[in-house]
Structures are given as C-alpha cells and as structure tokens.
Amino acid sequence: MQPIHRDSIQVNTDLNALIQVLAWFDQFNCPPVSYQTWMQCQLALAEGFTNAVRHAHQGQPVERLIDIEVVIFSEWLEIRIWDHGAPFNLIQKLKSLPSEMDTNAEGGRGLKLMERIADSLSYTRTEDDRNCLLIVKHYSESA
C-alpha cells in the first residue's frame, strides 16, 4: 500500500526539542487521521521521544541526533523514532512493569502508555547500530 504522506525530522538529544517535534507533528492533524487518533499518537510520540532523550541517550552529547519519521496510510499511521542507545528488550521490559499504572509515580508510565495507544509497538536494533521504536496505530473501521 502506498503512503498518503510521509515526513521526517532530526532533532538534538534535548528535552526542549520536544516543542519542535510536537509543532512538526501538527501537520498530521488532518484526514484520514481523526483528531482523537492524532492526540493519542501525539502522546505516544512525546513519550517515545522523551524516553530516547532520558534513557537511550543518557550521558550522550546534546548534538547526538534523534530521527523521527511519520508515515500516513489510508487506514493506519506509523511513527518511527531512532536512537543511538544501548538496545533493550521492549517486550521483556513491558512484562516486568506492573499491569496497573501508578498515576503518582515519577516515571515508568511512558512504555505502558505507548503500549495502550499503539496497535503494534516494537523496538528493534537496525543494521546501522541504531534502535528503532515503531508505533503503529490503525484508525480505519475495517482495520
């Protein structure tokens, strides 16, 4: 299936870059993506980006780039976030987290939020020694 729209952005390893990332993501707030789906994906994107900065790139220079790509299809969208951190087993990490989210916890909710929002969530090591977080969200009734 051919994508309807695709765009990407590179930003520094800096939590302040989240403002730039979210402003860039505004372009995807249009059909076929519903507003509710866009908001959910915006939250997943913010969580994925901040996890890359706080965890994957912890201790790395601010100039270390994080790549983000969004691809829109007629029935779903894909968000990819690439980092240069040490790989980890996402499925194992998700299983180790409590099934109920502690809303008062300082951290640890991001992965669970992404898991609840996404129809598919994966974290894989790429051939160029980066990690790719893939968030897939369907928005079509027929999906």
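Enquirer: Explain the sheet that holds strand β3 (residues 76-83) to me, and be specific about the residues and the numbers.
Expert: The strand order across the open sheet built from five strands is β1-β2-β3-β5-β4, with neighbouring strands paired in antiparallel fashion. Taken across any chain shown, the strands that pair with only one partner, and hence form the sheet edges, are β1 (5-12) and β4 (120-125). Strand-to-strand twist in this sheet, taken as the mean axis angle between neighbours without regard to direction, amounts to 15 degrees. Against the sheet, helix α2 (residues 35-56) makes contact with β1, β2 (65-72), β3, β4 and β5 (131-138), and its axis sits at roughly 10 degrees relative to β3, the strand it touches most.

Enquirer: Outline unusual backbone geometry, listing residues and values.
Expert: Note that the residue after Pro31, namely Pro32, is joined by a cis bond; omega there is 10 degrees. Checked against the element boundaries, Pro32 lands in the loop between α1 (18-25) and α2. For Asp129, which is not a glycine, the phi torsion comes out positive at approximately 60 degrees. Position of Asp129 relative to the elements: it lies in the loop between β4 and β5.

Enquirer: Which residues make up the side chain of Thr13, and what are the values?
Expert: Mapped onto the elements, Thr13 comes out in the loop between β1 and α1. Looking at Thr13, its side chain comes within polar contact range of the side chain of His57, at 2.6 Å. At a separation of 2.6 Å, a polar atom in the side chain of Thr13 contacts the main-chain carbonyl oxygen of Arg64. In contact with Thr13, other than residues within four places in its own chain, are Val53, His57, Pro61, Val62, Arg64 and Ile66.

The rules behind the values
Residues numbered from 1 in each chain as written. Predicted model: local features only at pLDDT ≥ 70, side-chain atom pairs only at ≥ 80, totals over all residues. Heavy atoms only, no water. Pairing = 2+ DSSP bridges. Helix = DSSP H or I, 4+ residues; strand = E, 2+ residues; numbered from the N terminus. Axes fitted to C-alpha atoms, helices over the stretch in contact; angles between N-to-C directions. Contact = heavy atoms within 4.5 Å. Polar contact = N/O pair within 3.5 Å; in protein donor to acceptor, adjacent residues only side chain to side chain.

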